[in-house]
Amino acid sequence: MAMPNTSSGKIRTIIVDDEPLGRERIRALLADDSDIEVVGESSDGRRAIASIAKLKPDLLFLDVQMPEMDGFEVLESIAGAEMPVVIFVTAYDKYAVKAFQVHALDYLLKSFDRDRFAEAVCRAKMEIAKGRDRRLNERLASLLEGLQERRPKPERLVVRSGGRILFLRIEEIDWIEAADNYVSLHVGRDSHMLRGTMASIGERLDSRKFLRIHRSTIVNLDRVLELSPLFHGDYAVRLRDGTKLTLSRNYREKLQEPLSPFL
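Note that the structure is a prediction, hence the values are computed from the model and not measured.

Q: Which residues make up the overall build of the protein, and what are the values?
A: Looking only at helices and strands, one finds nine helices and 15 strands in the protein. Out of the 263 residues in the protein, the part that is buried amounts to 46%. Put simply, 56% of the contacts in the protein that link residues at least 6 apart link residues at least 24 apart.

Q: Quick rundown of the pairing of strand 15 (residues 244-247)? Include the residues and the values.
A: The two faces of strand 15 differ: Leu 245 and Leu 247 on one face are buried, but Lys 244 and Thr 246 on the other face are not. Relative to strand 15, strand 14 (residues 235-239) runs antiparallel, the two being bridged by four bridges. Opposite Tyr 235, over in strand 15, you have Leu 247 as the bridge partner. Counting the residues in the hairpin turn of strand 14 and strand 15 gives four residues, including Gly 242, whose phi is positive at 95 degrees.

Q: So what's going on with the sheet that holds strand 8 (residues 175-179)? Which residues, and what values?
A: Spatial strand order, 10-9-8-12-11: five strands in an open sheet with antiparallel pairing. With one partner strand each, in any of the chains shown, strand 10 (190-195) and strand 11 (210-214) form the two edges of the open sheet. Put simply, the sheet's adjacent strands are angled 25 degrees from each other on average, direction ignored.

Q: Outline the packing of helix 1 (residues 20-30) against helix 5 (residues 114-130), listing residues and values.
A: Relative to each other, helix 1 and helix 5 sit at 70 degrees, their axes nearing to 11 Å. On the basis of their axis angle, the class for helix 1 and helix 5 is roughly perpendicular. Contacts from Arg 25, Ile 26, Leu 29 and Leu 30 of helix 1 reach helix 5 at Arg 114, Phe 117 and Val 121. Here the residues of the contact of helix 1 with helix 5 are counted per class, giving five nonpolar, no polar and two charged.

Q: So what's going on with the side chain of Asp 206? Residues and values would help.
A: Locating Asp 206 in the fold gives a position in the loop between helix 7 (198-202) and strand 11. Of the residues examined, Asp 206 reaches a relative accessible area of 18% and is grouped as buried. At 2.9 Å, the side chain of Asp 206 forms a polar contact with the side chain of Arg 208.

Q: I'd like to hear about unusual backbone geometry, residue by residue, with values.
A: That bond from Lys 110 to Ser 111 is cis: its omega, 0 degrees, falls within 30 degrees of zero. Residue position: Ser 111 is located in the loop between strand 5 (107-109) and helix 5. Even without being glycine, Lys 56 reaches a positive phi, approximately 50 degrees. Examined against the element boundaries, Lys 56 turns out to sit in the loop between helix 2 (45-55) and strand 3 (59-63).

Q: Residues and numbers for the nonpolar core, please.
A: Ile 14, Val 16, Leu 60, Leu 62, Val 74, Phe 88 and Phe 100 are the most contacted members of the largest nonpolar core, which totals 26 residues. Elements that contribute at least two residues to this core include exactly strand 1 (11-16), helix 2, strand 3, helix 3 (71-78), strand 4 (85-90), helix 4 (94-102) and helix 6 (134-148). Excluding residues within four positions of it along the chain, Phe 88 makes contact with Leu 62, Val 64, Phe 72, Leu 75, Phe 100, Leu 105, Asp 106, Tyr 107, Leu 108, Leu 140 and Leu 143. Residues Ile 15, Ile 26, Val 38 and Leu 108 belong to the second largest nonpolar core, which totals 19 residues.

Q: Explain the packing of aromatic side chains to me, using residue names and the numbers behind them.
A: Following the criterion strictly, the structure yields three aromatic pairs and no others. Seen from their ring centres, Phe 61 and Phe 117 are 5.5 Å apart, and the 10 degrees between their planes marks the pair as stacked. With Phe 61 in strand 3 and Phe 117 in helix 5, this residue pair connects regions lying 56 residues apart in the sequence. Positioned above the aromatic ring of Phe 167, the side-chain terminus of Arg 46 is 4.8 Å from the ring centre. Above the face of the Tyr 107 ring, Arg 116 is positioned so that its terminal group lies 5.6 Å from the ring centre.

Q: Give me helix 3: which residues, what numbers.
A: Burial within helix 3 is extensive, with eight of its eight residues counted as buried. Within helix 3, burial applies to Gly 71, Phe 72, Glu 73, Val 74, Leu 75, Glu 76, Ser 77 and Ile 78. Residue Asp 70 occupies the N-cap position of helix 3, its side-chain oxygen lying 3.0 Å from the main-chain nitrogen of Phe 72.

Reading the values: the criteria
Residues numbered from 1 in each chain as written. Predicted model: local features only at pLDDT ≥ 70, side-chain atom pairs only at ≥ 80, totals over all residues. Heavy atoms only, no water. Helix = DSSP H or I, 4+ residues; strand = E, 2+ residues; numbered from the N terminus. Buried < 20%, exposed > 50% of the residue type's maximum accessible area, 1.4 Å probe, protein only. Contact = heavy atoms within 4.5 Å. Pairing = 2+ DSSP bridges. Axes fitted to C-alpha atoms, helices over the stretch in contact; angles between N-to-C directions. Parallel < 35°, antiparallel > 145°, perpendicular 65-115°, else oblique. Nonpolar A, V, L, I, M, F, W, Y, C, P; charged D, E, K, R; others polar. Polar contact = N/O pair within 3.5 Å; in protein donor to acceptor, adjacent residues only side chain to side chain. Core = buried A, V, L, I, M, F, W, Y, C linked by side-chain atoms within 4.5 Å. Phe/Tyr/Trp six-rings, centres within 6.5 Å; stacked < 30°, edge-to-face > 60°. Lys NZ or Arg CZ within 6 Å of the ring centre and 35° of its normal.

So this is what it looks like as structure tokens:
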């Protein structure tokens, strides 16, 4: 639930946890802190992303283990210039705890006590007082990069479009096109812009289903209808909806195994 937006000068804080008792405990521990104002709470990742975009908190308590969209997916979706200071909350993920320590990011291991909570909040206040500089964002980015290979591929992408937040199922994407500092996700007759590079979007896709066929093109293999040879080793790729793309020779050589049924 989102609470009223105020301009009190306090540290604007959002609590994200799928367990009501977990949110209640954090809220209770913050109740006597005159520096902090809880402006919102969320019980799942989708609501959290919408609340963060609307309320722009300074501090985020973020549960790691949540159904459908975990804390790391939330973090990936909000990564940017206005990233809040994050205190992760985790129950049992030993690898995640080690990763937080390596990247000098604070976490609370359930069930944390009052002293440990106060220590984490104190560190967060120091980060906020220094300003959310590039080093904090870089540490968060490094954490995500380190965790990437150990986590299953996400089932959806979060896309901001015309003031809306879309939760796009990855399996619905037909193909992806590079567009300067963005990628264009083609879904049927619609297309959606997502900030990022072809390399970064490729890391979030299942390489068995999505193939990079050109430096500016990734295709969902399930959408491919036929391949036709062109000049110099390139291939024309026709999708089931009639879209025509190009498989360049360089990428064909790298994808010999997954494309062997076609070539």
